[in-house]
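Descriptive structure summary
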Amino acid sequence: MFYEKHSRTIIKSITWRIIAFISSIIVLYILTNDLKTAINHSLLIHLVKTVLYYIHERTWNLTNFGLELKNKTF
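Notes on the structure in this doc start here. Counting of residues starts from 1 at the beginning of each chain's written sequence and follows it residue by residue. Reporting in this predicted model follows two pLDDT cut-offs: at least 70 for local features of residues, and 80 or more for side-chain atom pairs to be given and counted; totals over whole chains, interfaces and linings ignore these cut-offs and use all residues. Side-chain metrics rest on all non-hydrogen atoms present in the structure, leaving aside hydrogens and water.

So, the overall build of the chain
- Helix and strand content of the chain: 2 helices and 0 strands.
- Atoms considered for the radius of gyration are the C-alpha atoms alone. The globule rule reads 2.2 Å times the number of residues to the power 0.38. For the chain, whose C-alpha radius of gyration is 17 Å, the value lies well above the compact-globule estimate of 11 Å for 74 residues.
- Principal-axis analysis of the C-alpha atoms places the extent of the chain at approximately 60 × 25 × 20 Å.
- For the chain, with 74 residues in total, the buried portion stands at 18%.
- Restricting the contact set of the chain to residue pairs at least 6 apart, pairs at least 24 apart contribute 62%.
- Here the chain displays about 6500 Å² of accessible surface, and carbon together with sulfur accounts for 70% of that area.
- Only four residue types enter the tally: Lys and Arg on the positive side, Asp and Glu on the negative side; His and the chain ends are excluded. For this purpose, a charge sits on NZ of Lys, CZ of Arg, CG of Asp or CD of Glu. For the chain, the distance from the average site of its 9 positive side-chain charges to the average site of its 4 negative ones is 5 Å. Segments assigned H or I by DSSP are reported as helices when at least four residues long, segments assigned E as strands when at least two residues long, and all are numbered from the N terminus. Exposure categories follow from relative accessible area, calculated using a 1.4 Å probe and restricted to protein chains: below 20% of the type maximum is buried, above 50% is exposed, and the middle band is partly exposed. Contacts are assigned to residue pairs that have any heavy atoms within 4.5 Å of one another. The Shrake-Rupley method, run with a 1.4 Å probe, gives the accessible areas here. Residue values count only the displayed protein chains as cover.

Right, dumping it as structure tokens:
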């Protein structure tokens, strides 16, 4: 079984949140026509979602569900 380090989970969370953050700013700006509001709401939403994603990933790492250890062939 392989173990995912905390640093890998953190980097995955951050890179995904960057993509999601930019897209939500665009959508919120289109809806509100106010860049400051779009950025402020996106910051709050994505801060909370980053923490929840990290917890979700770490929880899944506690189980072996859906994982297989494959033998290396030489």
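Here we look at helix H2 (residues 35–60)
- When the terminal C-alpha atoms of H2 are compared, their 36 Å separation across 26 residues agrees well with the 38 Å that a helix rising 1.5 Å per residue should span.
- Within the span of H2, buried status applies to Ala38, Ser42, His46, Glu57 and Arg58.
- Considering only its buried residues, H2 is in contact with helix H1 (6–32).
- If you check the start of H2, you find a side-chain oxygen 3.3 Å away from the backbone N of Lys36, and it comes from Asp34. Helix span, expected: 1.5 Å multiplied by one less than the number of residues in the helix. Residues adjacent in sequence count toward polar contacts only when both atoms are side-chain atoms; beyond that, a polar contact is any pair of N or O atoms within 3.5 Å, and within protein one must be able to donate a hydrogen and the other to accept it.

As for the side chain of Ser42
- Within the element layout of this structure, Ser42 appears in helix H2.
- A distance of 2.9 Å separates the side chain of Ser42 from the side chain of Ser24, its partner in a polar contact.
- At a separation of 2.9 Å, a polar atom in the side chain of Ser42 contacts the main-chain carbonyl oxygen of Ala38.

Section: H1
- With 27 residues, H1 ought to run about 39 Å at 1.5 Å a step, and its terminal C-alpha atoms sit 37 Å apart, in line with that.
- Residues of H1 that are buried make contact with H2.
- Once H1 finishes, Asn33 follows within two positions and takes phi at roughly 60°, a positive value.

Some thoughts on the packing of aromatic side chains
- Working definition: rings of Phe, Tyr and Trp (its six-membered ring) pair if their centres are within 6.5 Å, and the pair is stacked with planes under 30 degrees apart, edge-to-face with planes over 60 apart, and tilted otherwise. Applying the stated rule across the entire model yields 1 aromatic pair.
- Between Trp60 and Phe65, the aromatic rings sit 6.0 Å apart at their centres with planes inclined by 50°, giving tilted as the arrangement.
- For Trp60, a relative accessible area of 43% translates into the label partly exposed.
- For Phe65, a relative accessible area of 63% puts it in the exposed group.

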